[in-house]
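Here is what each chain is made of, one letter per residue.
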Amino acid sequence: MPENNLNLTLHVWRQNGQGSKGKMVEYKADDISTDMSFLEMLDVVNESLIKDGEDPIAFDSDCREGICGTCGMVIDGVAHGPERATTVCQLHMRHFNNGDKIYIEPFRAKGFPVIKDLVVDRTSFDNIIKAGGYISANTGSAPDANEILIPKDVADRAMDSAACIGCGACVAACPNASASLFTSAKISHLAVLPQGKPESQSRVVSMVQQMDSEGFGSCSNHGECEAVCPKEISISNIARMRREYFKALVGK
Amino acid sequence: MAIDANIPSGSLDEKWTKYKSNVKLVSPANKRKYNVIVVGTGLAGASASASLAELGYNIKTFCIQDSPRRAHSVAAQGGINAAKNYQNDGDSIWRLFYDTIKGGDYRSREANVHRLSEISANIIDQCTAQGVPFAREYSGLLANRSFGGVQVSRTFYARGQTGQQLLLGAYSALMRQVNTGKVDLFANREMLDLVVIDGKARGIVCRNLLTGEIESYSADAVILATGGYGNVFYLSTNGQNSNVTAAWRCYKKGAYFANPCFTQIHPTCIPVSGDYQSKLTLMSEGLRNDGRAWVPKSGDDKRPPSEIPDEDRDYYLERKYPAFGNLVPRDIASRAAKAVCDEGRGVGETGLSVYLDFKTAIERQGEDVIRDRYGNLFDMYERITGENPYNVPMRIYPAVHYCMGGLWVDYGLMSNVPGLFVLGEANFSDHGANRLGASALMQGLADGYFVIPYTIGEYLAGAELKEVSTENSEFSQSENEVTNKINRLFDIKGDKTVAEFHRELGRLVWEYVGMSRSKEGLNKAIDEISKLRDEFWNNLKIPGDQNMFNKYLEMAGRVADFFELAEVMARDALEREESCGGHFREDHQTPEGEALRDDENYTHVSLWEYNGKDKPNFKKEDLNFENVTPTTRSYK
């Protein structure tokens, strides 16, 4: 074993689905290279579980470069683990020490029922977008792109909000399991752009209502969401969402 | 037998306009009577679903991910091309067309590429209207950057996340139609068979990835937008879920597979660090605007890069290709990197990487400018490697990135199976033997927003479709075949995991059907792949069972198809006795080591047709160059 490699003890949440009871189970992860990503470490553990005829740990991932939002788990109590602004697929084992005990759990929230082990159902996020997270521009009806002038700082601000990958870490980190950061990022992205203005009032009302009906809690300004967000979406988006919401109510 | 691509007559710049004027239309009242299945929700699939639903068709949309927003288009970084000529630097529809034809090494269809070029400008308009936050100048006007293989600045971008932003635009348009009820969305579904009734595509069979249930869906047409097959190499920049299965099932049902050996190796990826590696990460080609590729002049020079003075460095791209320098097309940049590493001048622990150095750019423009342009890429590089590219040159190496080959389609994007349309990377159409940077996003969205809405109408209005439902026996037959295959995989009960087989297959394909190919190597590959495939079907071990969320079962089905594809890729590479674009045959090169095309014998699309035997039938579609004369691509 190369001298920098790690021997770790994992405590992993195992659960066969929403109906059944889950529990933490201990696994050894030996001879782990520090250049591995966290998911590659789990791949290695699963390979040996399969060889031993055991049920491998279910987790999901796709792009493994931090942009698709598929992966996500709570590592030692922190959504996506200890590295700031980093999804779990981009978290590398060089940030752990030999002998560490690592606790791995799913993103827990009423709005995210467990499918298996570390995999949760985030359809609720799609439902929030479906309720109004768009600009109604039918294909073929657009004017020349440069007819809409957008100051650079406005475009940059829209981009800051639009960078959300919909992973759900904000919900997992929130003591109220609120989806406010996710919802407000889409509302802000579209509200600051001139193209998004005509629908901004109906949009914020429908999206907030949908968010509430999906079983997410309310925001009470803990700020945990911003702290774990892998794309550093600012909590100021939530303030904008509230402003937009009140404007819409008063404007009615 | 010559294959007809149904290209409209008339001059190149009139074809699409004429097609649109003469196309059969389905009346609004009749559109709602038609059901269309769309498989895949990347740029092509999501834009097609949304646009067709807006027209009034009933759409059923399927995706393999838990949400349509996660399709792998999301990972595209650099940008999207459009012939807007906002920079007044001489761009035009003709020039984008010409660059794409030349970049594809004269192995694509003129008519398709010209249409793509015509549509390109509309895409930027459409996406802007949806709220895609493209980069802007201080004036509020759209910004552009330049990309490899061209001499104008026509690439639009949203930081290093252009694919994500375009996909979220298409996804939001799709979700809007889900909200109106015109689209039924089925996430967590993997298409496992195409159902063909009376010779026409009439539905699909898929597996619900959460419950394991096998499900049937019928329709009047099926649109496949399921991406590329780069994961046949095991290590690629593709997502873990990217696979060939849906396309391969269509091939097994009679659809031609075109140019499977045309795969693109991207020059700027983070090098491999170990056996456990599950994927390779791309660093956008946009980096080559400011980064300079180099290796030490001498392979014995083991000094750290900062201590190697300029006179001991070989900026090999600038030396070999002075006109384009670091911005040569991808295939050329990749081979040049391989060449210097093969000479023993590669850097890093494995010797399989080259430097991409930003020192000159940082000195000239300041670190802030570089951070603004590439900040997120630099951060990603540091997260993965633990090195800071502002201080130490990046180390990069080529990796499999994109597949130009795919299911064959005619001008209307319909395969040879009537009613089966193929869009985006899943088809073979527009990029010939090599794709230029920032053209994949353009093609995916062109196909989905602006081509299929016209061409599907032409088919549906003319096709005489009988009533079909999932009660038809063809559906239960397909369901049985799918179930039997899954059972067979479980019944093997061997010792080796699917990842082990996939890794071994990937090594074979990379070694013999990768950046450089030879007759001996390809014959060897066919032999070895078939041996390994036999072992797979005799010694595979899958955990768990079929009626549950089971990633390893999903992978096993996909790897089984990759084995079959890999063999056809090798056969295709063997048949094509020339070098062109991403297909480099060692026995067909110039004395300087550049690709040597054979226009007399190989100006065609190679088509492979499944016949149940080891060797599929081979057919050709001849390519006619009436507007551009194929010349030797020179970037010197």
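Computed from a predicted structure; not experimentally measured. Every chain is numbered on its own, with residues counted from 1 as its sequence reads. Written order determines the labels here, with chains lettered from A and ligands numbered from 1. The model is predicted, so local features are restricted to residues of pLDDT at least 70 and side-chain atom pairs to those at 80 or more, both for listing and for counting; the totals for chains, interfaces and linings are taken over all residues.

Asks: Just to check I follow, could you spell out the overall build of chain A for this structure?
Replies: For chain A, the count of helices and strands is 8 helices and 7 strands. Summarising its shape, the C-alpha atoms of chain A cover approximately 65 × 40 × 35 Å along the three principal directions. Every one of the 252 residues in chain A was classed for burial, and the buried ones make up 55%. Long-range pairs, those at least 24 residues apart, make up 72% of the contacts in chain A between residues at least 6 apart in sequence. For the purposes of this entry, the term helix denotes a DSSP run of H or I that reaches at least four residues, the term strand denotes a run of E that reaches at least two, and both are numbered from the N terminus. Between the buried cut of 20 or more and the exposed cut of 12 or fewer other C-beta atoms within 10 Å of a residue's own C-beta lies the partly exposed class, and all C-beta atoms are placed from the backbone. This entry defines residue contacts through backbone-placed C-beta atoms, with two residues in contact when those atoms are within 7 Å.

Asks: How should I be thinking about the sheet that holds strand 7 (residues 200–208) of chain B in this particular structure?
Replies: Hydrogen bonds between backbone groups are what pair the strands of a sheet, and the pairing can be parallel or antiparallel. All names here are of chain B. Only when DSSP finds a minimum of two bridges between them are two strands counted as paired. Taken in spatial order, the 3 strands line up as 6-7-8 in an open sheet, and their pairing is antiparallel. Looking at which strands have only one partner, the edges of the open sheet turn out to be strand 6 (189–197) and strand 8 (214–218). Between one strand and the next, the sheet's axes are offset by a mean angle of 25 degrees, whatever the strand orientation. When strand 6 meets strand 7, the two strands line up antiparallel, connected through 8 bridges. For helices, the fitted axis covers only the stretch in contact; all axes are lines through C-alpha atoms, and the angles between them, taken along N-to-C directions, range from 0 to 180 degrees.

Asks: Just to check I follow, could you spell out the domain arrangement of chain A for this structure?
Replies: Many authors give the size of an interface as the accessible area that is lost as the parts come together. All names here are of chain A. Annotation comment: domain bounds sourced from an automatic or database domain assignment. Taken domain by domain, chain A comprises domain 1 (6–115) and domain 2 (123–251). Contacts between the two partners involve 18 residues from domain 1, matched on the other side by 17 residues from domain 2. Each residue is assigned to one class: nonpolar for Ala, Val, Leu, Ile, Met, Phe, Trp, Tyr, Cys and Pro, charged for Asp, Glu, Lys and Arg, and polar for all the others, Gly among them. Its residues placed into classes, the side of domain 1 that touches domain 2 shows 9 nonpolar, 7 polar and 2 charged.

Asks: Would you take a moment to explain the domain arrangement of chain B for this structure?
Replies: Residues and elements named next belong to chain B. Once the domains are mapped, chain B shows domain 1 (35–265 + 402–462), domain 2 (267–399) and domain 3 (473–603). The distance between the C-alpha centroids of domain 2 and domain 3 comes to 30 Å. Between domain 2 and domain 3, the residue contacts involve 6 residues of the former and 5 residues of the latter. Broken down by element, the residue count for the side of domain 2 that touches domain 3 peaks at 5 residues, all from helix 9 (residues 330–342).

Asks: Please explain the interface of chain A and chain B as it appears in this structure.
Replies: Every contact between the two is made by 64 residues of chain A and, on the other side, 65 residues of chain B. Among the elements of the structure, helix 1 (38–51), strand 6 (114–116), helix 2 (123–130), helix 3 (152–162) and helix 5 (180–192) of chain A are those that each provide at least two residues to the side of chain A that touches chain B. Tallying contributions element by element places helix 1 of chain A first for the side of chain A that touches chain B, with 6 residues.

Asks: Would you explain the environment of D30 of chain A in this entry?
Replies: Mapped onto the elements, D30 of chain A comes out in strand 2 (residues 23–32). Each C-alpha atom, one on D30 of chain A and one on G168 of chain A, is 30 Å from the other, the two residues being 138 residues apart in sequence.

Asks: Just checking my understanding: could you explain the packing of helix 4 (residues 93–103) of chain B against helix 5 (residues 110–130) of chain B for this structure?
Replies: Two quantities define a packed helix pair, namely the angle between the axes and the distance from one axis to the other. All names here are of chain B. Viewed as axis vectors pointing N to C, helix 4 and helix 5 meet at an angle of 135 degrees, and their least axial separation amounts to 9 Å. Taken together, the axes of helix 4 and helix 5 lie oblique to each other. The way helix 4 lies across helix 5 gives a crossing that is right-handed. For the pair formed by helix 4 and helix 5, the contact residues are I93, L96, F97, T100 and I101 on the first element and E110, V113, H114, S117, E118 and S120 on the second. An angle counts as roughly parallel when it lies under 35 degrees, as roughly antiparallel when it exceeds 145, as roughly perpendicular when it falls between 65 and 115, and as oblique in every other case. Here a crossing is taken to be left-handed if its near helix is turned anticlockwise relative to the far helix by less than a right angle, and right-handed if that turn runs clockwise.

Asks: Would you take a moment to explain helix 6 (residues 162–180) of chain B for this structure?
Replies: Each α-helix winds once per 3.6 residues, and so residues spaced three or four apart point in a common direction. Residues and elements named next belong to chain B. Expected span, for any helix, means 1.5 Å times one less than how many residues it has. Taking 1.5 Å as the rise per residue, helix 6 with 19 residues should run 27 Å; its terminal C-alpha atoms sit 28 Å apart, in good agreement. With 17 of its 19 residues buried, helix 6 lies for the most part within the structure. The positive-phi residue at the C-terminal boundary of helix 6 is G181, with phi of around 90 degrees.

Asks: When you look at the pairing of strand 15 (residues 394–403) of chain B in this model, what are you seeing that I'm missing?
Replies: In summary, the side chains of a regular strand alternate between the two faces of the sheet. All names here are of chain B. Among the 10 residues in strand 15, 10 count as buried, and that is most of the element. Of the pairings in the sheet, the one linking strand 11 (residues 263–269) to strand 15 comprises 5 bridges and is antiparallel in character. Note that in strand 15 the partner of I265 across the bridge is V400. Two strands pair when backbone bridges link them, and strand 14 (residues 354–357) and strand 15 are joined in this way by 3 bridges, in the antiparallel orientation. Within strand 15, the position partnered with V354 by the bridge is I396.

Asks: Which parts of the structure should I look at to understand the pairing of strand 6 of chain B?
Replies: With 8 of 9 residues buried, strand 6 of chain B is to be regarded as a mostly interior element. Linking two consecutive strands that pair antiparallel, namely strand 6 of chain B and strand 7 of chain B, is a turn of 2 residues; a positive phi of about 50 degrees is found at D198 of chain B within it.

Asks: I'm lost on the sheet that holds strand 5 (residues 183–186) of chain B in this one. Help?
Replies: All names here are of chain B. The strand order across the open sheet formed by 5 strands is 5-2-1-9-17, and the pairing between neighbours is parallel. Since the sheet does not close on itself, it has two edges, and those belong to strand 5 and strand 17 (420–422), each with one partner. Recorded for the sheet is a direction-independent mean angle of 20 degrees between the axes of neighbouring strands. Strands in contact with helix 3 (residues 43–55) are strand 1 (35–39), strand 2 (58–62), strand 5 and strand 9 (221–224); relative to strand 1, the strand with the most contacts, it is inclined by about 165 degrees. The strands touched by helix 12 (residues 440–462) within the sheet are strand 1, strand 9 and strand 17, with strand 9 carrying the most contacts at an inclination of about 150 degrees.

Asks: I'm lost on the environment of I150 of chain A in this one. Help?
Replies: With respect to the element layout, I150 of chain A can be found in the loop between helix 2 and helix 3. By C-beta crowding, I150 of chain A is classed as buried, having 23 other C-beta atoms within 10 Å. Separated by 14 residues in sequence, I150 of chain A and S136 of chain A have C-alpha atoms that sit 19 Å apart. Not counting chain neighbours up to four residues away, the residues in contact with I150 of chain A comprise A155, L193 and P194 of chain A together with R136 and G140 of chain B.

Asks: Any chance you could explain unusual backbone geometry here in plain terms?
Replies: Phi is mostly negative for residues that are not glycine, and the peptide bonds are mostly trans. Residue and element names in this part refer to chain B. Although it is not a glycine, R159 adopts a positive phi angle of roughly 45 degrees. With respect to the helices and strands, the residue R159 is situated in the loop between strand 4 (155–156) and helix 6. Within the chain, K493 stands out as a residue other than glycine whose phi angle is a positive 50 degrees. The topology assignment puts K493 in the loop between helix 13 (473–492) and helix 14 (498–512). Overall, K493 belongs to the exposed group, with 9 C-beta atoms counted inside 10 Å.

Asks: Please explain the environment of Y256 of chain B as it appears in this structure.
Replies: Residue and element names in this part refer to chain B. Here Y256 is to be found in the loop between helix 7 (245–252) and strand 10 (257–258). Each C-alpha atom, one on Y256 and one on L407, is 5.9 Å from the other, the two residues being 151 residues apart in sequence. Among all residues touching Y256, those that are not within four sequence positions of it are W408, S415, N416, L607, W608, E609 and K619.

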